[in-house]
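Coordinate inspection notes
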Amino acid sequence: MNVINVTRSCKRLNAIETGSYIQYDQQFKMKMVPVPEQAYGNFFEGDCYIILNVSNSATQSTDIHYWIGIASSQDEQGAAAVYVTQLDKCLGGSPVQYREVQGCESAKFKSYFKNGLIYKKGGVGSGFTHVETNVYNIQRLLHVKGTKHVTAREVEVSWSSFNLGDIFLLDLGKAVIQWNGPQSNRQEKLKDIRDRERGGRAQIGVIEGGQEEASPELMKIMTSVLGQRTGHLKEPIPDDKPDQNQTSNVKLYHVSDASGQLLVQEVATSPLTQDLLSSTDCYILDQGGSSVMVWKGKAASDEERHSALSRAVGFIKAKNYPSNTKVEVMSEGGESAMFKHLFKSWKEKGQIQGLGKTHSVKFDVMELHAQPKLAAQERMVDDASGHVQVWRIENLELKEVNPSTYGQFYGGDCYLVLYTYNRANKPQYILYMWQGRHATQDEVTASAYQAVNLDNKYNGAPVQVRVVMGKEPRHFLAIFKGRLIIFEGGTGRAGVVNPDPGARLFQVRGTHEMNTKATEVPTRAASLNTNDVFLLKTHQNVFLWYGKGCSGDEREMGKAVADLLSEQDKQIVMEGQEPAAFWVALGGKAPYASDKRLEKEVALHEPRLFECSNQTGRFLMTEVADFTQDDLDEDDVMLLDTWEEIFLWIGNSANQYETQESYSSAVDYLKTHPAGRDPGTPITTVKQGYEPPTFTGWFNAWDAHKWSVSPAGGRETLFHKLGDISQITVVKSFNHID
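Residues numbered from 1 in each chain as written. Predicted model: local features only at pLDDT ≥ 70, side-chain atom pairs only at ≥ 80, totals over all residues. Heavy atoms only, no water.

As recorded in an unreviewed UniProt entry, the chain goes by Villin like and comes from Cyprinus carpio carpio. Recorded in UniProt for the chain, the comment headed Subcellular location (unreviewed entry) runs: "Cytoplasm, Cytoskeleton". According to the UniProt record, the Sequence similarities (unreviewed entry) comment for the chain reads "Belongs to the villin/gelsolin family." (UniProt positions renumbered as here; feature names shortened; annotations may be inferred.)

Further remarks concern helix α12 (residues 552–565). Taking 1.5 Å of rise per residue, 14 residues should cover 20 Å, and α12 covers 20 Å from first to last C-alpha, within 8% of that figure. Within α12 the residues assigned to the buried category are E554, M557, G558, V561, A562 and L565. The buried residues of α12 occupy an angular sector of 145° when projected down its axis, which confines them to one face. (Helix = DSSP H or I, 4+ residues; strand = E, 2+ residues; numbered from the N terminus. Expected span 1.5 Å × (residues − 1). Buried < 20%, exposed > 50% of the residue type's maximum accessible area, 1.4 Å probe, protein only. Arc of directions from axis to C-beta.)

Let us now look at the sheet that holds strand β10 (residues 167–171). Strand order in the open sheet formed by seven strands is β3-β7-β9-β8-β10-β11-β12, with mixed pairing between adjacent strands. The strands lining the two open edges of the sheet, one partner per strand, are β3 (42–44) and β12 (203–208). The sheet shows a mean angle of 20° between the axes of neighbouring strands, taken without regard to direction. Of the strand pairs in this sheet, strand β11 (residues 175–180) and β12 are connected by six bridges, and their pairing is parallel. (Pairing = 2+ DSSP bridges. Axes fitted to C-alpha atoms, helices over the stretch in contact; angles between N-to-C directions.)

Okay, the packing of aromatic side chains next. Across all of its chains, the model carries 33 aromatic pairs by this definition. A centroid spacing of 4.8 Å and a plane angle of 70° characterise the contact between F409 and Y415, whose relative ring orientation is edge-to-face. Overall, Y415 belongs to the buried group, its relative accessible area being 1%. Each ring, one from F487 and one from F506, has its centre 5.7 Å from the other, and the planes form 90°; the classification is edge-to-face. Placement of F487 in strand β24 (residues 484–487) and of F506 in strand β25 (residues 504–509) is noted, with a sequence separation of 19 residues between them. For the pair shown, F487 and F506 are each scored as buried. (Phe/Tyr/Trp six-rings, centres within 6.5 Å; stacked < 30°, edge-to-face > 60°.)

Examined against the element boundaries, A675 turns out to sit in the loop between α14 (656–672) and β34 (683–687). According to the relative accessible area criterion, A675 is buried, its value standing at 1%.

Bringing the sheet that holds strand β26 (residues 517–521) into the picture now. If you walk across this open sheet you meet the seven strands as β20-β24-β26-β25-β27-β28-β29, and the pairing is mixed. Where the open sheet ends on each side, the last strands, each with one partner, are β20 (408–410) and β29 (571–574). Neighbour-to-neighbour, the strand axes of this sheet turn through a mean angle of 20°, independent of strand direction. Bridge analysis of strand β27 (residues 533–537) against strand β28 (residues 542–546) gives five bridges, and the strand direction is antiparallel. Its bridge partner lying in β28, K537 is registered against V542. Along the sheet, α12 contacts β24, β25, β26, β27, β28 and β29; its crossing angle with β27, the most-contacted strand, is approximately 25°. (Contact = heavy atoms within 4.5 Å.)

Moving on, we come to the nonpolar core. Judged by nonpolar contacts, the single largest core of 55 residues is most densely connected at F409, V417, F476, F480 and L632. With residues up to four places along the chain from it excluded, the contact list for F480 reads V388, V390, Y406, G407, F409 and V417. Counting 26 residues, the second-largest nonpolar core is a separate cluster that includes Y66, Y253, C282 and F315. (Core = buried A, V, L, I, M, F, W, Y, C linked by side-chain atoms within 4.5 Å.)

Listed below in structure tokens is the structure:
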């Protein structure tokens, strides 16, 4: 990552060299000055900055951020915008551009600075000089906020700057006193901020705001600097606002200057489809005012492409949105992951159309364990050769299901399925909760309650997966070895006679025992599909219907499932050669899906991670960009969205409220997603330390032993006292070095 501080402006860029900072022409007043790496994360409020980031991922994506300090001049802001446009042009127009305003930075921007951001007073344009970190005759106060992303801002050296909910650092040059508000969040990690400010050479003292009497010497120093405190300190100020990316109010606007004037016209509202975007034009995507994205078609005019950023700012003003509204600018073919997530489907250039994912490949269990990424993408923790146990909810209690009927699920029942397999010679567990569409609310509630009991029996080790009827995940299909049959209604309880429907129709899909299931569908001709195999069962006949688009493997699996459903002889019926009795049983002929299948490709969406926390007093979901395993906070619940599945990762120290709220938030997340997501998407609960490869595979370089040793707890371990701070003498008070 390259960080460039914009302090003076030039009119052109001379060159870009690999591994070097951007060159500049010094004959002009404004220029760009490289920021030394040890100062990354420090931002002066009177300056503007440009950050160039080239990811090390397989996609090699490039991002340009320009950061605007709240005290920067209009000239500096304009210079930064010009440089961004020129830099984008030098890089072939492929980077995604982000406009960042101090205090409202994007999650992606914050992810570059894992040790937090420090806002400092001053800047070239303001008349202040930059305060050097190794100058010791200084007094200043830093206000520290944040949970996942920590920020520290220089504030007035006064008790009036304090509040009960945050952490404050009184920097005296050779000593730093940390004052922890009584209601502050113990996740606010300050050691790295202190080290960056004083090179790790200052003496450190810590005061617990609720127990000041325990640190009399430190309080004496604070009082000598701040004066005697009078009155009460302010109440806590809420931390980060809820992440606004998840909003269903998304609109797409067409931008054109064909008439010589800028015209912005609304094209569509969510859910959006990719075919709305034309390569010859530019578009603005408005996320309900929380962020604005500009898409530049590769064949759009130079004028439209070059003015994209300024038009986004103009759009914000026209809509009366806040000036700190986030802005992203991208070119066709270089779209950000967030942009793609706002479309119902997204197809990459060169993506092959065809039969799509038929899951016809079988994987060796060792291959899945050795390649977690493969396991995650295929959603298979193993080869499904483990042990299976099935219970049905009867009278709100668990009733073991006869193994001879494993795989038969009735829509009027709820089931718990415990799957046990070994990894590294240790038993691992997956607990599937299958809830029938017609089960009573009491049974659904009882299934959740009994799942908790089973989970406790195995000391919290099972990974819990909610399975919506008809949305069974691939591994669930695989563990029943081609014997999975979903009945629309009724019950599997012993001694209960289900109503006789007269005729029943089952749709069979799958090419081998690892991916096959039969699903009961309405007994009418409109349910047929030319691409599949169907079993029609009446009192007199059993018809096995082969659509013209089904393969030989699908026909073989159809025969196998038909034998499970009926011991009668089956009459093979080829599409187009149906006997009269076949149509009579279906209530007569009717149109049905008869197009040859081009199975829809599974959309290629990058996974997204969210932190779910109520540590600020409100339940918030905040996105974590460019996430790693280190971002999994054991005090919180994390939501991982892989598009085909939602994972809820429960940290060992997460409170009960967060755990309960996270599940309902995951459901709401799916319901309100602007891309019109399937609300039946599986939601999987994973406990810290029991992560399956289908989860760990989404993280680069997962360390299975990371939590095997308990980490040092509490914020008191963040600082240790280096020497006797009580000997510090306060000499002089000032805020800036001239």
